[in-house]
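Chain residues, written in single-letter form:
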Amino acid sequence: MNWESTLAPYKQVVEELKVKLKGMRSQYEKESSHSPIEFVTARVKPVPSIIEKAQNRGIAIENVEKEMQDIAGVRVVCQFVDDIYTIVNMLQNRNDFEIVEEKDYVSHKKDSGYRSYHMIINYPVETIHGEMIVLAEIQIRTLAMNFWATNEHSLNYKYDGKLPSEVRLRLQKAAEAAFKLDEEMSKIRSEIHEAQRMFHRK
């Protein structure tokens, strides 16, 4: 398989989605004082990770484009839990891609404590050979959820996915603490917004 040509459309997808989401952020900042989007990151899964995941999931290499949903990944990070659903609603109302699956791990956390909102989309890319539909994943989470998930990912990598029970328990407690922080911040969001408005006016 020629990985460079296979992954080229995925690179195009993440770049286009980054531009669109950052454009939404700029629009919010111009039209109101609060943008639900804090920042946007994106990546195309590295080839060794694609091959490893395909082997683990029993996916034939020639089928990864059809069966692997997160080769192209975009992450949208927000300040507040409510912002997640604002962004979800905005994305649901767009007509430049099709949502094929949604997983709400914010309201229904994983056993590990992981929280995030996942959208799997079919994104149309214009290539020299015509239109191509590419699968991509958009993850939407708060700063606290992102902090937890980044560290959990690192620990899973360190322990090759076999976390010691003590570490797993501590991670679950940390996930609950992160969510409590999100809940407390949501209760004083109007105060935070007012403080941010005052800061920007200065």
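Refer to the structure presented above.
Conventions we followed
- Residues numbered from 1 in each chain as written.
- Predicted model: local features only at pLDDT ≥ 70, side-chain atom pairs only at ≥ 80, totals over all residues.
- Heavy atoms only, no water.
- Helix = DSSP H or I, 4+ residues; strand = E, 2+ residues; numbered from the N terminus.
- Buried < 20%, exposed > 50% of the residue type's maximum accessible area, 1.4 Å probe, protein only.
- Areas by Shrake-Rupley, 256 points an atom, 1.4 Å probe, with all protein chains shown as cover.
- Lys, Arg positive; Asp, Glu negative; His and termini not counted.
- Charge placed at Lys NZ, Arg CZ, Asp CG, Glu CD.
- Expected span 1.5 Å × (residues − 1).
- Contact = heavy atoms within 4.5 Å.
- Salt bridge = Lys/Arg side-chain N within 4 Å of Asp/Glu carboxyl O.

Observations regarding the overall build of the chain
- Scanning the chain from N- to C-terminus turns up 7 helices and 5 strands.
- C-alpha extents for the chain along the principal axes are approximately 55 × 45 × 25 Å.
- The proportion of buried residues among the 202 residues of the chain is 39%.
- Accessible surface for the chain amounts to roughly 12000 Å². Of this, 51% is attributable to carbon and sulfur atoms.
- In the chain, 29 side chains carry a positive charge and 31 a negative one; their mean positions are 5 Å apart.

Details of helix α6 (residues 165-187)
- Taking 1.5 Å per residue, 23 residues should reach 33 Å; α6 reaches 33 Å between its end C-alpha atoms and fits that length.
- By the burial criterion, the buried members of α6 are Val167, Leu171, Ala175, Ala178, Phe179 and Asp182.
- On its buried side, α6 packs onto α4 (81-92), β5 (130-142) and α5 (143-158).

Focus: the environment of cysteine 78
- Tracing the sequence through the fold places cysteine 78 in strand β2 (residues 72-78).
- If near-sequence neighbours (up to four positions away) are discounted, cysteine 78 is found in contact with Pro36, Glu38, Asp83, Ile84, Ile87, Ile140, Arg141, Thr142 and Leu143.

Observations concerning the pattern of salt bridges
- Per the counting criterion, the structure on display carries 14 salt bridges.
- Across the pair lysine 18 and glutamate 15 runs a salt bridge whose closest N-O atoms are separated by 3.6 Å. Residue lysine 18 and its partner glutamate 15 are both found in helix α1 (residues 3-31); the two are separated by 3 residues, about one turn of the helix.
- Glutamate 184 is the partner of lysine 187 in a salt bridge, and the nearest nitrogen-oxygen pair spans 3.3 Å. Here lysine 187 pairs with glutamate 184, and both are found in helix α6, just 3 residues apart, close to one helical turn.
- Looking at lysine 187, the relative accessible area reads 63%, which means it is exposed.
- Salt bridges sharing partners connect three or more residues here, namely Lys20, Arg94 and Asp96.

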